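Each chain, written out:
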Number of protein chains: 2
Amino acid sequence: MTTDTLEKPRLSDTAQVDSQSIAPFPNSKKIYVQGSRPDIRVPMREINLSITPTEFGGEQNPPVRVYDTSGVYTDPNVKIDVRQGLPDVRSAWIAERGDTEVLQQKSSSFTQQRLHDASLDTLRFNHQRQPLKAKPRANVTQMHYARCGIITPEMEYIAIRENMSWQQAKEQGVLDQQHAGEHFGANIPDEITPEFVRSEVACGRAIIPANINHPELEPMIIGRNFLVKINGNIGNSAVTSSIEEEVAKLTWGTRWGADTIMDLSTGKNIHETREWIIRNSSVPIGTVPIYQALEKVDGVAEDLTWEIFRDTLIEQAEQGVDYFTIHAGVLLRYVPLTAKRVTGIVSRGGSIMAKWCLAHHRENFLYTHFEDICEIMKAYDVSFSLGDGLRPGSIADANDEAQFGELETLGELTKIAWKHDVQVMIEGPGHVPMHMIKENMDKQLRECGEAPFYTLGPLTTDIAPGYDHITSGIGAAMIGWYGCAMLCYVTPKEHLGLPNKDDVKEGIITYKIAAHAADLAKGHPGAQLRDNALSKARFEFRWEDQFNLGLDPDTARSYHDETLPKDSAKVAHFCSMCGPKFCSMKITQEVRDYAAEHGTDITPIAEDEVVRMIDVEAEMRKKSEEFREKGSEIYGKI
Amino acid sequence: MTTDTLEKPRLSDTAQVDSQSIAPFPNSKKIYVQGSRPDIRVPMREINLSITPTEFGGEQNPPVRVYDTSGVYTDPNVKIDVRQGLPDVRSAWIAERGDTEVLQQKSSSFTQQRLHDASLDTLRFNHQRQPLKAKPRANVTQMHYARCGIITPEMEYIAIRENMSWQQAKEQGVLDQQHAGEHFGANIPDEITPEFVRSEVACGRAIIPANINHPELEPMIIGRNFLVKINGNIGNSAVTSSIEEEVAKLTWGTRWGADTIMDLSTGKNIHETREWIIRNSSVPIGTVPIYQALEKVDGVAEDLTWEIFRDTLIEQAEQGVDYFTIHAGVLLRYVPLTAKRVTGIVSRGGSIMAKWCLAHHRENFLYTHFEDICEIMKAYDVSFSLGDGLRPGSIADANDEAQFGELETLGELTKIAWKHDVQVMIEGPGHVPMHMIKENMDKQLRECGEAPFYTLGPLTTDIAPGYDHITSGIGAAMIGWYGCAMLCYVTPKEHLGLPNKDDVKEGIITYKIAAHAADLAKGHPGAQLRDNALSKARFEFRWEDQFNLGLDPDTARSYHDETLPKDSAKVAHFCSMCGPKFCSMKITQEVRDYAAEHGTDITPIAEDEVVRMIDVEAEMRKKSEEFREKGSEIYGKI
């Protein structure tokens, strides 16, 4: 008994799902749209709406379907147990392609060492999967299939998911109730078909991050001709946070809309933390393998070797990481260009490689071994996220020669990866004032052959620590509009500390706003449906519908209730801003009633009768007198 | 005794300043820059910085001066008593112009009625000023003086205030450490001179809201060739909030950077609330007089008359309101155009006038009496803020014919006001997707002869109730860049309830970000100085300087302290994001040390030796081998 109680509890016995992450969304239903085969079941959230009050017309409002990244955590029919991991979505699809083999054991020597370390038993995730790898000479990337003309189940799944807004608008007959966008050369079709998905992946304009060792994944796509995506970062550091906290941040982040999650852990037990994260993630997981490689050499950058890095890639690929940030563009010759900057090199990966290059007086081994890396990527279908190790860390350093030199090199590397049919996206800045953002996007498209751009912000000013979700949300919305495919979130804690759960949510919602604003501005088919439904609800005082259609129903409801807490207020036809006596919405309804009676297509007062009040005071006086006398008469003629 | 204790306490005995609003800013000093005469003393906040740590160079960092809207509340040498109101800044300037007269009593009959109502004694502000008015046939507007070639003390004051950034950059010899902006046709000189201020006011491109009855005002300017300004709204409604709360929101809002404050009260005691606000405000106060006029007719819009409205204008003008929102562009013929909108008319002022027009079948009396209004404006120097009563309340309604029709009418009215030398700015939307924002700005400049544009947001999506400071902050930054002169803030409570103090601060900081991002993008001379200083502090781990240079030192500090609470952490040369073992900033310093030793102007590896890795795999392999062998040699040659 005594020894038992002294023993540390095992995480595989005690770990619990974050209860907030599995709460149902109000008035929402998890639905699945089936594809061409029963195992293609695309999740969506359907928000049910109430009937319009009689005085506004009394019509039924159709439910609104929204893109759903929350996984089965919000499916009340699925029993969630983070100790077991998520149900399998893709194993059958992978198996039936017949180009993979099950490995008898994990290939990485580091993995082996961790597996046999009894001191880690309390931390370990217990339901390890047998690792898969491409058969010799096989290439298992989605890009490879796409180029062979194969439409994979992943592609069909994505087509259904991306097509949802247009499909809904079509079903409701409201395809025309949307502004034409300005797309800056994007080529977004009305209907997203599986073939369109295939063709975009084949030419490298979009990627489907989907490691064969991450079958829990619900497939998604990143590319400028699809909905703009967002990434949330989580991860412990040497200073703070635990495995369970990180899993909670993952499920919390995807609940609010993270399309992918990067695990940027730099502290202890990176390997075990990652296993817990991937097994419980329905979205692609990205990492920066150099962080872990650095831990393996005890933080001494110059001790890094290709062999240690290679083993780390294989370790992570066999766990199921879907994309790797690789800082292969930090070339020796670019490093001194950063010396005169205000903030030098701010990317951790970039500075690790810069230090290595300087210490050895040799070219970046990620660059010299780039094709060796491609060989690993294509054996597991890990996508490249080519890191911008020299991104600007301040407004002063934006768009300088170090940054753009690296971007050109990333363009070269993109083409090499594509030669291997390996999927690639390109990371981007950083801190950039508004007027210099478009230059980044245009140059990236040009240099990198339209490979998807994936940017951090950019932050449009440096002067607001504590609010960098906002400084960067501005830049993110703009670059999303210009053609960026995925926006990496920034939380209020940026530059100050690691985000907690509240910060994660604040960052995610801010970036959902940026991404959706970009979709609207690009004129993405059907994107405006949700705005229209919410605004109609707002106009008709359907408070609950307004909350529920919003990105964050909980916050909207609680803000409303601060002033008018009673339930009755939520059906009241006024709000706390104007009070019950006067209400502009009510008056608009009177205008409508008037128009319904007298016709809306009223011929305006003829142009020559309109008071043109420029320059001649006397005329103005006379005319205004006329109006005072004849106003009702003129109106009466209508 | 018993009756005494039963009596309601008088606000003029009990009211206290909000203690948070007078707390000193950390490491900051209030300074005054003197102009050509001793009574021109322009307030600024000077942030003192620490010495750069030895390993980064050990230099002294010059203090940074920032634009200061907080008034004497942050001057420790001034004893603040909200029951007395603020010290006088402008009375001598007004008096010496010799064109005003002191009225023996307030002209408005409503004011008289309130003054003689004993039941209001507990609410009344006790130190009423004698009202001033222009002498018969005199015109006391800043525009009139400007057109007469007079540079007023107000103009000189503003020149010193606006010129601060450029002046500092010049003194520090860092004028070139800033990106050239993209100004879209703005004409911002390097140095803002008093004569430039005069000329901009003369041609109507800028306004100085400065009622002769608001001598407590610290003059400021609104125009596209000056720093972008922000407005914060306060005001009670029939449902919530008290006079003392509103004064606290005023001082709290200006502390964080509100350049003007609009009092949008619609509830009880609007008159008394406004008196307290103006007497305690160092920034211009704007109102929407129709709100109060409506209260006077007990909320029945159709009972409004020109006479009631006129008395309200005079009442408010003699209290010292600096600008009036007047919805004179809501013409009868535009009203039916809103019937088919998703959200009809969302402006309160707009819907009041629409209702009046429909009820009477007559033209808007604000339009027909526009020149009568001009006569009042010029007698007190109240500026027009021509209201956009038909602004879109949803993405769906953006840029429609109702909105743009009204804007054209506002353009006509602008020219009439200018004929009277009355200052004008134009209010703008609303809800507009990103790609339709510039059209608003361009049309406004064209239709309104470059009169300053003053926009609410615009909100770039409708789907985030609870986060509309962010949906609108995106649009605000963009339209500020395009040429908008003042941004009206939106708080997180928009659409949901009235803002409390926290919301006011969140809205203000968000809009300071938007305005500053716009200044940077326009290339406003010296605007980048603060960004550069903050980023330098960040790079050098001068945590306290980083916090203090930020828009909100308190929040930045508290976020940092959540992870690393000890004081020692604030001098530690690492942060919680990476931990002590590895730090990218440290590595950059090593790059600098290296560059200092070997020279920064390293000739890059010759272009033809660079691995050009496109298309030919074999060549790539060979070249990368070469690099592996010769890397250090090539580098050694440098």
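Residues numbered from 1 in each chain as written. Chains lettered and ligands numbered in written order. Predicted model: local features only at pLDDT ≥ 70, side-chain atom pairs only at ≥ 80, totals over all residues. Heavy atoms only, no water.

Under the annotation held in UniProt, chain A carries the name Phosphomethylpyrimidine synthase and is attributed to Saccharophagus degradans. The Function comment attached to chain A in UniProt states, word for word, "Catalyzes the synthesis of the hydroxymethylpyrimidine phosphate (HMP-P) moiety of thiamine from aminoimidazole ribotide (AIR) in a radical S-adenosyl-L-methionine (SAM)-dependent reaction." According to UniProt, the comment filed for chain A under the heading Subunit is "Homodimer." (UniProt positions renumbered as here; feature names shortened; annotations may be inferred.)

Asks: Lay out the overall build of chain A in plain terms, naming residues and giving numbers.
Replies: What chain A contains, in helices and strands, is 23 helices and 15 strands. Per-residue burial for chain A yields a buried fraction of 68% across its 638 residues. Here the contacts in chain A between residues at least 6 apart in sequence split such that 77% fall between residues at least 24 apart. Total accessible area on chain A is roughly 20900 Å²; 50% of this is exposed by carbon and sulfur atoms. (Helix = DSSP H or I, 4+ residues; strand = E, 2+ residues; numbered from the N terminus. Buried < 20%, exposed > 50% of the residue type's maximum accessible area, 1.4 Å probe, protein only. Contact = heavy atoms within 4.5 Å. Areas by Shrake-Rupley, 256 points an atom, 1.4 Å probe, with all protein chains shown as cover.)

Asks: For the sheet that holds strand β15 (residues 486-488) of chain B, give the residues involved together with the corresponding values.
Replies: Within a sheet, adjacent strands bond to each other through the backbone by hydrogen bonds, running parallel or antiparallel. All names here are of chain B. Spatial strand order, β8-β9-β10-β11-β12-β13-β14-β15: eight strands in a closed barrel with parallel pairing. Along the sheet, successive strands turn relative to each other by an average axial angle of 25°, direction set aside. With three bridges joining them, strand β12 (residues 383-386) and strand β13 (residues 424-428) adopt parallel strand pairing. Its bridge partner being in β13, Leu386 is matched across the sheet by Ile426. Here helix α14 (residues 370-380) sits on the sheet in contact with β11 (323-326) and β12, set at roughly 140° to β12. (Pairing = 2+ DSSP bridges. Axes fitted to C-alpha atoms, helices over the stretch in contact; angles between N-to-C directions.)

Asks: Give me unusual backbone geometry: which residues, what numbers.
Replies: The residue after A:Gly457, namely A:Pro458, is reached through a cis peptide bond having omega 10°. In this structure, A:His495 is a non-glycine residue whose phi angle is positive, near 75°. Note that A:His495 resides in the loop between β15 (486-488) and α18 (501-522). Among the residues examined, A:His495 registers a relative accessible area of 14% and is labelled buried. In this structure, B:Glu450 is a non-glycine residue whose phi angle is positive, near 70°. Structurally, the position occupied by B:Glu450 is in the loop between α16 (437-447) and β14 (453-456).

Asks: Quick one: what's the story with the pattern of salt bridges, residue by residue and with numbers?
Replies: Tallied over the full model, the rule gives 81 salt bridges over all chains. A salt bridge links B:Lys419 to B:Glu371, with the nearest nitrogen and oxygen atoms 3.3 Å apart. A residue pair is termed long-range when its members are at least 10 positions apart, and B:Lys419 in helix α15 (residues 401-419) and B:Glu371 in helix α14 qualify at 48 residues. Look at B:Lys419 and you get partly exposed, because its relative accessible area is 28%. Residues joined by salt bridges that share partners form a network here, namely A:Glu59, A:Lys536, A:Glu540, A:Arg542 and A:Asp545. (Salt bridge = Lys/Arg side-chain N within 4 Å of Asp/Glu carboxyl O.)

Asks: Describe the packing of aromatic side chains, and please don't skip the residues or the numbers.
Replies: The geometry of an aromatic ring pair is captured by the separation of the ring centres together with the interplanar angle, meaning the angle of the planes. Scanning the model with the defined rule gives 32 aromatic pairs over all chains in all. Between the aromatic rings of A:Phe196 and A:Phe226, the centroid separation amounts to 5.6 Å while the plane-to-plane angle is 50°, which identifies the pairing as tilted. Highlighted residues: A:Phe196 in helix α7 (residues 194-202) and A:Phe226 in the loop between β7 (222-223) and β8 (229-234), separated in sequence by 30 residues. Three or more aromatic residues joined by ring pairs make a cluster, and in this case those are A:Trp306, A:Phe309, A:Trp356 and A:Phe365. Positioned above the aromatic ring of A:Tyr32, the side-chain terminus of A:Arg41 is 4.1 Å from the ring centre. Lying across the ring of B:Trp256, B:Arg255 places its NZ or CZ 5.3 Å from the centre. (Phe/Tyr/Trp six-rings, centres within 6.5 Å; stacked < 30°, edge-to-face > 60°. Lys NZ or Arg CZ within 6 Å of the ring centre and 35° of its normal.)

Asks: Would you mind going over the sheet that holds strand β3 (residues 64-67) of chain A in detail, with residue names and values included?
Replies: Residues and elements named next belong to chain A. Here we have three strands laid out as an open sheet, ordered β1-β2-β3, and antiparallel in their pairing. The open sheet is flanked by β1 (28-34) and β3, the only strands paired with a single partner. Pairwise comparison of adjacent strand axes, ignoring direction, gives a mean angle of 40° for this sheet. For β1 and strand β2 (residues 41-47), the ladder comprises seven bridges, and the chain directions are antiparallel. The residue of β2 that forms the bridge with Val33 is Val42.

Asks: Describe the side chain of A:Lys378, and please don't skip the residues or the numbers.
Replies: Residues and elements named next belong to chain A. Tracing the sequence through the fold places Lys378 in helix α14 (residues 370-380). On the basis of relative accessibility, which here comes to 16%, the residue Lys378 falls in the buried class. Of note is the side chain of Lys378, whose polar atom sits 2.9 Å from the side chain of His420. Apart from residues lying up to four places away in sequence, Lys378 is in contact with Ala134, Ala138, Asn139, Val140, Thr141, His420 and Val422. (Polar contact = N/O pair within 3.5 Å; in protein donor to acceptor, adjacent residues only side chain to side chain.)

Asks: So what's going on with the side chain of B:His469? Which residues, and what values?
Replies: Relative to the helices and strands, B:His469 resides in helix α17 (residues 468-482). When near neighbours in sequence (up to four residues on either side) are disregarded, B:His469 contacts A:Ile470, B:Val490, B:Thr491, B:Pro492, B:Glu506, B:Thr510 and B:Tyr511.

Asks: With reference to specific residues and values, describe the environment of B:Thr305.
Replies: All names here are of chain B. Structurally, Thr305 can be placed in the loop between α10 (289-296) and α11 (306-319). Note: C-alpha distance between Thr305 and Ala293 (12 residues apart in sequence) is 8.8 Å. Only 3.1 Å separates the side chain of Thr305 from the backbone nitrogen of Ile308, close enough to count as a polar contact.

Asks: Quick one: what's the story with the confidence of the model for chain A, residue by residue and with numbers?
Replies: Residues and elements named next belong to chain A. On average, residues of chain A score 90 in pLDDT, and 88% of them reach the 70 mark or higher. Confidence over residues 600-638 falls short of pLDDT 50; this stretch has 60 contacts with residues more than four positions distant or in other chains. As scored by the predictor, the complex reaches a pTM of 0.92 and an ipTM of 0.92. (pLDDT = per-residue confidence, 0-100.)

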